[in-house]
Amino acid sequence: MNMADRSGLKLLGFIFASVTLAVMLATGMVVKGYADGSYSLETSASVEE
């Protein structure tokens, strides 16, 4: 039972780590986009360019 708990916790930790990494990566890309000026907060309909 202890080994099952341990492997379950290891799997859960891996899942949480993957989700955290994905969120950090997405946030970093959005922040980089804002820093580069490719996104604009007030004009969201400027796709026609």
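Since the structure is predicted, the reported quantities are computational estimates derived from the model, not experimental observations.

Draft legend 1. How the structure looks around the pattern of salt bridges. Counting across every chain of the model gives 1 salt bridge. Among the salt bridges present, the one from Asp36 reaches Lys32, with a minimum N-O distance of 2.8 Å. With Asp36 and Lys32 both in helix α1 (residues 2–36), this residue pair falls 4 residues apart, about one helical turn. By the burial criterion, Asp36 is exposed, and Lys32 matches it.

Draft legend 2. Structural view of the UniProt feature "transmembrane region" (unreviewed entry) in the protein chain. With numbering aligned to this structure, UniProt lists the feature "transmembrane region" (unreviewed entry) at residues 12–31. The span residues 12–31 is 100% helix and 0% strand, and its two end C-alpha atoms sit 28 Å from each other.

Draft legend 3. Local environment of a nonpolar patch on the surface. A cluster of nonpolar side chains, contributed by Leu11, Ile15, Val19 and Val23, occupies part of the molecular surface with about 360 Å² of accessible area. Its place among the elements puts Val19 in helix α1.

Rules behind the numbers
Residues numbered from 1 in each chain as written. Predicted model: local features only at pLDDT ≥ 70, side-chain atom pairs only at ≥ 80, totals over all residues. Heavy atoms only, no water. Salt bridge = Lys/Arg side-chain N within 4 Å of Asp/Glu carboxyl O. Helix = DSSP H or I, 4+ residues; strand = E, 2+ residues; numbered from the N terminus. Buried < 20%, exposed > 50% of the residue type's maximum accessible area, 1.4 Å probe, protein only. UniProt positions renumbered as here; feature names shortened; annotations may be inferred. Patch = residues over 30% accessible without salt bridge, like charges linked within 9 Å, V, L, I, M, F, W, Y side chains within 5 Å. Areas by Shrake-Rupley, 256 points an atom, 1.4 Å probe, with all protein chains shown as cover.

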